[in-house]
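Observations on chain architecture
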Amino acid sequence: MPEKPRGRPRAYDPDVALWQALETFWANGFSRTSLDALAAATGMNRPSLYAAFGDKKSLYLKSFECFAGQLRAALARTAESDAPLDTTLRNFFHDAIEIYMSGPDGPRGCFIICTAPVEAAMDADIRAALKTALEEIDEGLEIPFAKAKADGYLPPDADTAALARIAASVLHSLAVRARAGETKEALHALARQTVQTLC
């Protein structure tokens, strides 16, 4: 799952500044994040912030893409795993839960699931980014199911796309439940039950 860059932010370092903006949106959501808060988080003044990233929405979408890119890398690692399906899924869910519980001020869930849906209802660009991310998660999670079916671990008539969407739906639920304050133990229990059911 996505891991944030190490080290303290340096003013005008685009990669570090972008991650600091992402952290701010992640904590507060899009609407509650002010330009002043973004400037303070990134160590950049407003003119520099605009010059580097554009307006607040542009910066949010760049933050979204930053997180989505790391999520793609995590899905690729899952797709490339040679471990049995149940182990692959357990590891994926475990890593996700660790991220969801890792906020500096408490559990924060998933950046995408916990910030984009509210804005997507009114903003076509954010809605499109969210739709793409959900599709990528579905497609990425289908690969280990398809491998398991080809290896005879799943029955020949298994609907790997449907199984992947169920796994993805539980992933999103874990994000929301983490944000709502469920314990890590409860989240891991749900993940284990999901793996048992799907495998």
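My aim in this report is to walk through the structure given alongside it, one point at a time. (Residues numbered from 1 in each chain as written. Predicted model: local features only at pLDDT ≥ 70, side-chain atom pairs only at ≥ 80, totals over all residues. Heavy atoms only, no water.)

1. Observations concerning the packing of aromatic side chains
Remark: the centre distance and the inter-plane angle together describe each pair of aromatic rings, the angle taken between the planes. The criterion, for reference: Two aromatic rings from Phe, Tyr or Trp, using only the six-membered ring of Trp, form a pair when their centres are within 6.5 Å; if the ring planes differ by under 30 degrees the pair is stacked, by over 60 it is edge-to-face, and anything between is tilted. Helix numbering and strand numbering both begin at the N terminus, where a helix is a DSSP run of H or I of at least 4 residues and a strand a DSSP run of E of at least 2. Exposure categories follow from relative accessible area, calculated using a 1.4 Å probe and restricted to protein chains: below 20% of the type maximum is buried, above 50% is exposed, and the middle band is partly exposed.
Tallied over the entire structure, the rule returns ten aromatic pairs. With 5.2 Å between their ring centres and 90 degrees between their planes, F25 and Y60 make a pair best called edge-to-face. Remark: Y60 occurs in helix α4 (residues 56-80) and F25 occurs in helix α1 (residues 14-28); sequence separation between them is 35 residues. With respect to class, F25 is no different from Y60; both count as buried. Judged by centre distance (6.1 Å) and plane angle (85 degrees), the ring pair of W26 and F111 falls under edge-to-face. Here the residue W26 occupies a position in helix α1, and F111 occupies one in helix α6 (residues 111-120), the gap between them amounting to 85 residues. The exposure class of W26 is buried, given its relative accessible area of 1%.

2. Re the nonpolar core
Put simply, the rule is: The set of buried Ala, Val, Leu, Ile, Met, Phe, Trp, Tyr and Cys residues whose side-chain atoms join them within 4.5 Å is what this entry labels a nonpolar core. Whether two residues are in contact is decided by their heavy atoms, any of which lying within 4.5 Å being enough.
Core analysis: the biggest nonpolar cluster contains 60 residues, and F64, Y100, F111, I112 and F145 have the highest contact counts within it. Looking at this core element by element, the count peaks at nine residues for helix α8 (residues 160-179). If near-sequence neighbours (up to four positions away) are discounted, I112 is found in contact with F64, F67, A68, L71, P117, L130 and A133.

3. Details of the side chain of S63
Within the element layout of this structure, S63 appears in helix α4. With residues near it in sequence (within four places) discarded, S63 still touches L18, A21, L22, F25 and F111.

4. Considerations on the pattern of salt bridges
Inclusion rule: Every case where a carboxyl oxygen of Asp or Glu lies within 4 Å of a side-chain nitrogen of Lys or Arg is listed as a salt bridge.
Overall, the coordinates contain eleven salt bridges when judged by the stated rule. Here D125 makes a salt bridge to K57, at a shortest N to O gap of 2.6 Å. On the criterion of sequence distance, the pair formed by D125 in helix α7 (residues 124-150) and K57 in helix α4 is long-range, its members being 68 residues apart. Using a relative accessible area of 25% as the deciding quantity, one classes K57 as partly exposed. Residues joined by salt bridges that share partners form a network here, namely K57, D123 and D125.

5. Section: helix α5 (residues 85-100)
Since one α-helical turn is 3.6 residues long, residues separated by three or four positions face the same way. Keep this limit in mind: Each helix should span, by expectation, one fewer than its residue count multiplied by 1.5 Å. Each C-beta atom gives one direction from the helix axis, and the arc is the one those directions make.
For α5, spanning 16 residues, the distance from its first C-alpha to its last is 22 Å, which sits close to the expected 22 Å at 1.5 Å a residue. When we look at burial in α5, the residues that qualify are L85, T88, L89, F92, F93, A96, I97, I99 and Y100. The buried residues of α5 all sit within an arc of 160 degrees when viewed along its axis, so they share a single face. Buried residues along α5 sit against α1, α4, α7, α8 and α9 (184-198).

6. Overview of the state of the cysteines
Put simply, the rule reads: The disulfide definition used here is simple: a pair of cysteine sulfur atoms within 2.5 Å.
Counting across every chain of the model gives zero disulfides. The structure places no disulfide on C66, whose sulfur is separated from the nearest cysteine sulfur, that of C110, by 13 Å. C114 forms no disulfide, and the closest cysteine sulfur to it belongs to C110, at a distance of 6.3 Å.

Remember that the coordinates give geometry; whether it matters functionally is a separate question.
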